[in-house]
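Listed below, chain by chain, are the residues.
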Amino acid sequence: MAAPGAVPALPRVSRQAWEPVLARARRAVVFLDAAAAEALHWAAGGAGELLAAGALAVRPLLADHVPAGAERAVFVLSGPLRGGAAAAVRAVLGAGGVRSCALLCGEPEGGGHGETEETLRRWMGESGRAEVLPRGPPLLAPLSAELGLLPALAGLVPPPGCPRPGGPAEPGLGALPAALRDAVRGVVAELDALFGAMGLREECFAVGPFSRVLAAELAAFTPARNRRRAAANRASVVFVDRTLDLAGAVGHHGDSLAEKILAVLPKLPGHKTDVMVNMVELTALQTPDDACSIIAPGCLAQPNSPAAKALWESFMNLKQKEAVMEARRHLVEAASRENLPIKMSMGRVTPEQLSSYVQLFKNNFKALENHCGLLQLVLAAVQTLKHPQISKWDNFLAFERLLLQTIGESEMPSVLNQLLPMIKSYSERTKDDYTCEDFLILLVYMYSVVGEIKNGEELDKAEEEVKKALVKAICDEPELSPLLQKITGCNSALNLTSQKATDAADNIFKLLRDIARARMHMKQFNSVHNPGSNTNQASYKPLLKQVVEEICSADRPDCDDIEHMSSGLTDLLKTGFSMFMKVNRPHPGDHPLLIIFMVGGVTVSEVKMVKDLVATRKPSTQVIVLSSALLTPQGAIEQLFAADHPQLDPDI
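Keep in mind the model is a prediction, meaning the values are calculated, not measured. (Residues numbered from 1 in each chain as written. Predicted model: local features only at pLDDT ≥ 70, side-chain atom pairs only at ≥ 80, totals over all residues. Heavy atoms only, no water.)

**Comments concerning the overall build of the protein chain**
This is how it is decided: Comment: elements are numbered from the N terminus, with helices defined as DSSP H or I runs of at least four residues and strands as E runs of at least two. The quantity called the radius of gyration is restricted to C-alpha atoms. Its globule counterpart is 2.2 Å times the number of residues to the power 0.38. Exposed residues in this analysis have more than 50% of their type's maximum accessible area, buried residues have under 20%, and partly exposed residues fall in between, with area computed by a 1.4 Å probe over protein chains only. In what follows, residue pairs with any heavy atoms lying within 4.5 Å of each other are defined as contacts.
The secondary structure content of the protein chain amounts to 26 helices and 14 strands. In terms of overall dimensions, the protein chain is globule-like: its C-alpha atoms have a radius of gyration of 26 Å, near the 26 Å expected for 652 residues. A principal-axis box enclosing the C-alpha atoms of the protein chain has dimensions of 75 × 70 × 55 Å. Classification of the 652 residues of the protein chain by burial places 54% in the buried group. Considering only contacts within the protein chain whose residues lie at least 6 apart along the sequence, 77% involve residues at least 24 apart.

Put into structure tokens, the structure is as follows:
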């Protein structure tokens, strides 16, 4: 546990989670589930760390055999031993050969460690030895010193449906379907483990109905209450529902190079966050294949390279122009250290200039080895800046600004009618036109920004016209993208019927109406649209910005939309007495550490915005942002439209 006043940084806590595994990796085969592999990738650089600790091999959990001669296995699960994970572990142990195993997993089901060890011995055969490792911090992916993702919770999304009119605005845990109840318990256990490793005594706050359930469960969680009694470091944890402001998730407002890299480069196989960087440029290989499967791809996670880590922080925290200048500076310094013949040039940095600097390392194997992490980051920037999607990013930004202006001046039906001519079929589209997926991004942005819409015949008619155009465009696609396959339920354009496309469009607009109503129960944060005036243009005001400004406000006003969740009788009494006496109610700005947990994903731009706001308005406060996923516009609509959202129980 951390000493009072010294909260350990996320990267250090993340590495700590792997210490029991590294200590037992020698002469063992290590099996990881996908979320654990992603956490290891960002925390320690991936499988190389396990191999350096003496592991014979590192395998995905679904691998169905152990290499010949390997008698020891270590299993790392991001969640508990149950379901598919339990079946996979049993298959490996039941195949024979493994005589000794160790398991790191989420909270064991039922009877605790002893019973789990007995189960593992039974699967191996009675002569086998089994050990369940003590669980320290959760398997966290630290993308920076202030941003941590919990890969095990990547699918966690607040239900998009809003509370029923006249019903309780805030559903409890009992109103959630079984899958979401399990997810809430998973979040609470993960956060309790994390805050335990950081030595925190936290106050829980919530913005939004699903966040309220999470905050209430963490506040009342018995192990968390016991931990808080002994912990010395005070913190405020504010949960915020992503669905209250989806414009922030699908918008293109930030001038962040990291955000663009994550949005345009292909995902690293098996990963939700990191991307593939084509490394062919550093080889003598000539290939017309863009993906180039012969050469292993580079990536963004470089936790063992200080220069690459510093450059990645620049990509996340600086404007694009400043970030590429940092890339050039790092390259020049690296080339100078290796005595490479680099010519420093001033002025604007171009992708071609960065490429020419990278080429200097090409035939110098020692220089390549010394600066491999840095070169991967620079090539990621080069490939992003040259990517055809980048010009479309600027088009989106321009169109979003126009939408903000139009929404302020017109009713929703007329805005939808203006969008109609932009929906073009595959045969009519040029490379600059919007695809069906692009159009979904624009629709989500629109409905989230505009908020509660006035229902009526005119709106229904405008939506019907857009639906028809969308159905036609989807039906005309020669090949369905993975997202359209999920939305329509068809794995091929050959199976797609007009009825299936129509049903999909109906579901899309039902979800859009839910998105528009998401803030209707809020008193202060019920709008993210600033309509502008004669002198100022209309603008988007992120909900997260409003929340952080409220927290950092010098006059500490009470805000109904940031609700404090009491953890016991003392807090309840304090809150009750505050209605009659001058008792200070808990405020999220009370403590030296502020943790924002965005439930359902966060963007790079939002993390930067939170850091900048706190640094300006409350410089003595340390801030950490946690989330279930790092979102790009495409990733956000996949999460919205392709995920199977459990619904709240209407009878509770």
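**A closer look at the packing of aromatic side chains**
The criterion, for reference: Centre distance within 6.5 Å is the pairing criterion for rings of Phe, Tyr and Trp, where only the six-membered ring of Trp is used; planes under 30 degrees apart are then read as stacked, over 60 as edge-to-face, and the remainder as tilted.
Evaluated as defined, the whole model comprises seven aromatic pairs. When the ring of Trp42 is compared with that of Trp312, the centres are 6.3 Å apart and the planes differ by 40 degrees; the resulting orientation is tilted. Of this pair, Trp42 sits in helix α3 (residues 34-44) while Trp312 is found in helix α12 (residues 306-317), placing the two residues 270 residues apart along the sequence. On the basis of an interplanar angle of 85 degrees and a centroid distance of 6.2 Å, the ring pair of Tyr447 and Phe509 is categorised as edge-to-face. One end of the pair, Tyr447, is in helix α19 (residues 436-450); the other, Phe509, is in helix α22 (residues 498-517), and 62 residues separate them in sequence.

**Description of the nonpolar core**
Definition in use: Take the buried residues of types Ala, Val, Leu, Ile, Met, Phe, Trp, Tyr and Cys, join any two whose side-chain atoms come within 4.5 Å, and each joined set is a nonpolar core.
With 135 residues, the main nonpolar core has Phe315, Tyr447, Ile596 and Phe641 as its most contacted residues. A total of 11 residues in this core trace back to one element, the largest contributor, which is α19. Sequence-distant contacts of Phe315, defined by excluding residues within four places in its chain, comprise Ser256, Leu257, Ala258, Ile261, Ala323, Ala327, Leu377 and Ala381. Val184, Leu194, Ala215 and Val237 belong to the second-largest nonpolar core, a separate cluster that totals 37 residues.

**Quick look at the sheet that holds strand β8 (residues 200-207)**
Note the cut-off: Strand pairing is assigned whenever DSSP identifies at least 2 bridges connecting the two strands.
Strands sit in the order β6-β7-β14-β13-β9-β8-β12 across an open sheet of seven strands; the sheet is mixed. The open sheet has two edge strands with one neighbour each: β6 (141-142) and β12 (563-565). Two strands pair when backbone bridges link them, and β8 and β12 are joined in this way by three bridges, in the antiparallel orientation. Bridging across to β12, Phe205 finds its partner in His564.

**So, the sheet that holds strand β1 (residues 29-32)**
Convention followed: Lines fitted to C-alpha atoms define the axes, with helix axes restricted to the stretch in contact, and inter-axis angles between N-to-C directions lie between 0 and 180 degrees.
Sheet architecture is open: five strands sit in the order β2-β1-β3-β4-β5, paired in parallel fashion. At either end of the open sheet lies a strand with only one pairing partner, and these are β2 (57-60) and β5 (129-132). Taking the axes of each pair of neighbouring strands and ignoring which way they run, one obtains an average angle of 20 degrees across the sheet. Relative to strand β3 (residues 72-76), β1 is paired through four bridges, and the arrangement is parallel. Across the sheet, Val30 pairs through a bridge with Val74, a residue of β3. Running at roughly 145 degrees to β5, helix α6 (residues 113-124) makes contact with β4 (100-104) and β5 of the sheet.

**What about the side chain of Asp438?**
The following threshold applies: Throughout this description, a polar contact denotes any pair of N or O atoms lying within 3.5 Å of each other; where both atoms belong to protein, one of them has to be capable of donating a hydrogen while the other can accept it, and for residues adjacent in sequence the pair is counted only when both atoms sit in side chains.
Residue placement: Asp438 occurs in helix α19. Here Lys392 takes part through its side chain, which lies 2.7 Å from a polar atom of the side chain of Asp438. Separated by 3.1 Å, the side chain of Asp438 and the backbone nitrogen of Thr435 make a polar contact. Non-local contacts of Asp438, meaning those with residues more than four positions away in its chain, are made with Lys392, Phe396 and Asp433.

**Focus on the environment of Ala189**
If you trace the backbone, Ala189 turns up in helix α7 (residues 178-197). Residue classification places Ala189 among the partly exposed residues on the basis of a relative accessible area of 24%. C-alpha separation for the pair Ala189 and Leu218, spaced 29 residues apart in sequence, amounts to 8.2 Å.

**A closer look at the side chain of His271**
Within the secondary structure layout, His271 lies in the loop between α11 (257-264) and α12. Aside from chain neighbours lying at most four places away, what touches His271 is Glu38 and His41.

**As for helix α18 (residues 412-419)**
Test applied: By arc we mean the arc of the directions from the helix axis to the C-beta atoms, nothing more.
Turning to α18, its buried residues number three or more, namely Met412, Pro413, Val415, Leu416 and Leu419. Around the axis of α18, the buried residues are gathered within 160 degrees of arc, so they sit on the same side. Structurally, α18 contributes buried residues whose contacts are with α17 (389-409), α19 and α20 (457-475).

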